[in-house]
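The chain contents come next:
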Amino acid sequence: METETKTADVQRGKPTYQITRFILFRLLGLVYAVAFLVAAQQLIPLIGAHGLLPVGLFLNRVHDALGSDWAGFWRLPSIFWLNHSDTALLVVSWTGFALACIVVAGFGNSIIFAVLWVLYLSINHVGQDWYGYGWESQLCETGFLAIFLAPFFDLRPFPKSPAPVPVIWLFRWLLFRLLVGAALIKLRGDPCWRDLTALYYYFETQPCANPFSRWFHFLPRPILQAGVIFNFLAELIAPWFIFWPRLARHTAGVVIALFFGALIISGNLSFLDYLSLVAVVACFDDSFWRRFMPRRWRERLEPAPARLGLPQLMIVWAIVCVVAFLSIRPVLNLIGNHQIMNTSFDPFELVNTYGAFGSIGRELYVVVFEGTDEEFPYRDSDWKEYPYRGVPVDLKKMPPIIAPYQLHFDWQMWFAAMASPDEYPWTIHLVWKLLHNDPLALRLFAGNPFPDHPPRFVRATSYKYRFAPPGKPEGRVWEREKIGDWFPVVSLHDHQLSDWMELEGWLPAEQNGH
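Predicted model only: the values in this text are computed from it and were never measured.

### Observations concerning the sheet that holds strand β3 (residues 364–372)
Piece 1. A sheet is described by the order of its strands in space; here 4 strands give the open sequence β4-β3-β5-β6, paired in antiparallel fashion. Pairing within the sheet leaves two strands with one partner each, and these edge strands are β4 (384–385) and β6 (478–490).
Piece 2. Here β3 pairs with strand β5 (residues 457–467) via 9 bridges, running antiparallel. Counterpart to Val366 in the pairing with β5 is Tyr463.
Piece 3. Across the sheet, helix α20 (residues 426–435) lies against β3, β5 and β6, angled at about 85 degrees from β6, the strand it touches most.

And the structure:
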């Protein structure tokens, strides 16, 4: 009876956030675990010593541009300025993964979250093209706030110290900027958002569709238009209510959570939507979560003390002041006429500006790499295709469920398909590696059509893909139309390929590696 009385008092009085903090940390730990697992499995072929964009070459160029490693560090803070070997990349990645698993298991404090933040910030700042997405800086900002939501030493799942309410408000501020920024970039950008036709194209043309994307794509047009309206309800209207009293805040949180849930079901947007749900959790106080908990659990959760200690209180309000100051430029960007999205305004990525899908492609372009071992590379030769892990190639293969895992290479090839090799010069390096049957590069694909020997020639062809209507007797998921050559036919004896490699600085490393 005494415990039930305390619970009732908590529900009637000021909101508490012990359960909220527990759920928020577990979800953030899961996102961190996935992000570090991705790094552990992909950093070596992407930015390792023999990767497509070697980190050592990148850091040397930053050093030359800024004059010293120290200047480079303050521009791009990263522990890889000390050591950027392949071993260092793996140690950082697996250490982060292990610490994230500890958080998922229910244990976490400020020290663990600070280490996680430093490690991921370090990866993000040397990831180059592969880490140029908004959710990478969003994870850095979210992870930074978690340091101050957690107790300094206490590792228990439900520590006795209360969750600092000002930090909870900072999570809501992050969510507000994320959603409103995305809504405004849509309204200011592609007219298909304003005429409610964006979802006619989105599900088919997104970077990595999943098995449900095709079903969403062929929904009746009125339902797809209603989906755009719901998008603006969640991104433009609901965020204003996350700062209101309990009922309005909880209602807004449910609407936003449903929105991100729909995005998770309908596509493979990496860990973006899972990470965004971390901030959504901060919309709910303990009174919301207690409704879904068994009675015996509620009886064990006694309310924490209502006050923070003076040192922690001073630190929390100092962070609030720092975030408020650093929010000036993101807010000006938000309300300005020339809004940019997914940009950091400070080197530690503490307060950023966000946005997504300001423009929607009407058609899906895919670049397919092909090889042949015939002596003369005619167009009717036996060209074999290199299959991606997420981007479609095989017309009969259903797109896989990948998220929250991130296929960095596939995402960049989605962007490259809308441009040219000159704008994505690392594709030249990739072709060189395919001509050598390089095992690191081949790890980025779903298979190798030349398991026994390298191809004599490699090329890349551009196709336009679209979903095949349901019920096709051939069992095809996709249909495609050839656009033309994207990368010319080349061999190892092509001097232009060697010249490209030497110009970019990749040739010495490749000669040492082979």
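### Examining helix α13 (residues 246–266)
Piece 1. For α13, built from 21 residues, the straight-helix expectation of 30 Å at 1.5 Å per residue is met to within 8% by its first-to-last C-alpha distance of 30 Å.
Piece 2. Along α13, the residues classified as buried are Arg249, His250, Ala252, Gly253, Val255, Ile256, Phe259, Phe260, Leu263 and Ser266.
Piece 3. Next to the buried residues of α13 lie α8 (165–188), α10 (202–205), α11 (213–217), α12 (221–237), α14 (272–281) and α15 (286–290).

### Remarks on a nonpolar patch on the surface
Piece 1. Together, Ile111, Val115, Phe152 and Phe153 make up an exposed nonpolar region whose accessible area comes to about 400 Å².
Piece 2. Along the chain, the position of Ile111 falls in helix α6 (residues 110–126).
Piece 3. Of the residues examined, Ile111 reaches a relative accessible area of 39% and is grouped as partly exposed.

### Quick look at the side chain of Arg172
Piece 1. Secondary-structure assignment places Arg172 in helix α8.
Piece 2. Buried and unpaired, Arg172 has no salt bridge, with Asp285 as the nearest side chain of opposite charge at 6.1 Å.
Piece 3. Sequence-distant contacts of Arg172, that is, excluding residues within four places in its chain, are made with Tyr17, Ile242, Phe243, Arg249, Ala282 and Cys283.

### A closer look at the packing of helix α2 (residues 18–47) against α6
Piece 1. Taken N-terminus to C-terminus, the directions of α2 and α6 make an angle of 35 degrees; their axes are 11 Å apart at the nearest point. Classified by chirality, the crossing of α6 by α2 is left-handed. Counting all contacts with α2, which are made through Phe25, Leu28, Tyr32, Ala35, Phe36, Ala39, Leu43 and Ile47, the residues of α6 involved are Phe113, Leu116, Trp117, Leu119, Tyr120, Ile123 and Val126.
Piece 2. The residue inventory of the contact of α2 with α6, partitioned by class, reads 15 nonpolar, no polar and no charged.

### Focus on the nonpolar core
Piece 1. Leu175, Phe260, Phe369, Tyr388 and Phe409 are the most contacted members of the largest nonpolar core, which totals 156 residues.
Piece 2. The leading source of residues in this core is α2, at 15 residues.

### Points about the environment of Ile237
Piece 1. One can find Ile237 in helix α12.
Piece 2. Judged by relative accessible area, which is 45%, Ile237 ranks as partly exposed.
Piece 3. Spatially, the C-alpha atom of Ile237 lies 9.5 Å from that of Ala183, the residues being 54 residues apart in sequence.

### Digging into unusual backbone geometry
Piece 1. Put simply, Ala403 and Pro404 share a cis peptide bond, and its omega is 10 degrees.
Piece 2. Mapped onto the secondary structure, Pro404 falls in the loop between β4 and α19 (408–416).
Piece 3. We note that Ser270 has phi near 55 degrees; this positive angle belongs to a residue other than glycine.
Piece 4. For Ser270, the position within the fold is in the loop between α13 and α14.
Piece 5. A positive phi angle, close to 55 degrees, is found at Glu349, a residue other than glycine.
Piece 6. In this structure, Glu349 sits in the loop between β1 (343–344) and β2 (352–353).
Piece 7. Residue Glu349 is classed as buried on the basis of its relative accessible area, which comes to 7%.

### Section: the packing of aromatic side chains
Piece 1. Tallied over the full model, the rule gives 51 aromatic pairs.
Piece 2. On the numbers, 5.6 Å between centres and 85 degrees between planes, the contact of Trp70 with Trp74 is edge-to-face. Of the two residues, Trp70 and Trp74 both sit in helix α4 (residues 69–75), 4 residues apart, roughly one turn of that helix.
Piece 3. Residue classification places Trp70 among the exposed positions, given a relative accessible area of 59%.

### As for empty space enclosed by the protein
Piece 1. Scanning all chains against the criterion turns up 2 cavities of 30 Å³ or more.
Piece 2. Counted as a void, the largest cavity has a volume near 70 Å³.
Piece 3. A per-class count over the lining of the largest cavity returns 6 nonpolar, 2 polar and 3 charged.
Piece 4. Put simply, the second largest cavity is a space of about 40 Å³.
Piece 5. Arg177, Pro330, Val331, Leu334, Asn352, Thr353 and Tyr354 together form the lining of the second largest cavity.
Piece 6. Contributions of two or more residues to the lining of the second largest cavity are made by α18 (328–335) and β2.
Piece 7. Among the elements that line the lining of the second largest cavity, the one with the most residues is α18, at 3 residues.

### As for the environment of Leu263
Piece 1. By the secondary structure assignment, Leu263 is in helix α13.
Piece 2. A residue is classified by how much of its surface remains accessible, and Leu263, at 16% relative accessible area, is buried.
Piece 3. On a C-alpha basis, the gap between Leu263 and Trp173 in space is 21 Å, while along the polypeptide they are 90 residues apart.
Piece 4. Those residues in contact with Leu263 that lie beyond four places of it in its chain are Tyr202 and Asp273.

Criteria and cut-off values
Residues numbered from 1 in each chain as written. Predicted model: local features only at pLDDT ≥ 70, side-chain atom pairs only at ≥ 80, totals over all residues. Heavy atoms only, no water. Pairing = 2+ DSSP bridges. Helix = DSSP H or I, 4+ residues; strand = E, 2+ residues; numbered from the N terminus. Contact = heavy atoms within 4.5 Å. Axes fitted to C-alpha atoms, helices over the stretch in contact; angles between N-to-C directions. Expected span 1.5 Å × (residues − 1). Buried < 20%, exposed > 50% of the residue type's maximum accessible area, 1.4 Å probe, protein only. Patch = residues over 30% accessible without salt bridge, like charges linked within 9 Å, V, L, I, M, F, W, Y side chains within 5 Å. Areas by Shrake-Rupley, 256 points an atom, 1.4 Å probe, with all protein chains shown as cover. Salt bridge = Lys/Arg side-chain N within 4 Å of Asp/Glu carboxyl O. Lys, Arg positive; Asp, Glu negative; His and termini not counted. Left-handed = near helix turned anticlockwise from the far one by under 90°. Nonpolar A, V, L, I, M, F, W, Y, C, P; charged D, E, K, R; others polar. Core = buried A, V, L, I, M, F, W, Y, C linked by side-chain atoms within 4.5 Å. Phe/Tyr/Trp six-rings, centres within 6.5 Å; stacked < 30°, edge-to-face > 60°. 1 Å grid on protein atoms, 1.4 Å probe; cavity = no way out; pocket = protein on both sides within 12 Å on 5 of 7 lines; lining within 4 Å. Points joined across faces, edges and corners; volume = space filled by probe spheres on them.

Nothing here speaks to function; it is geometry throughout.
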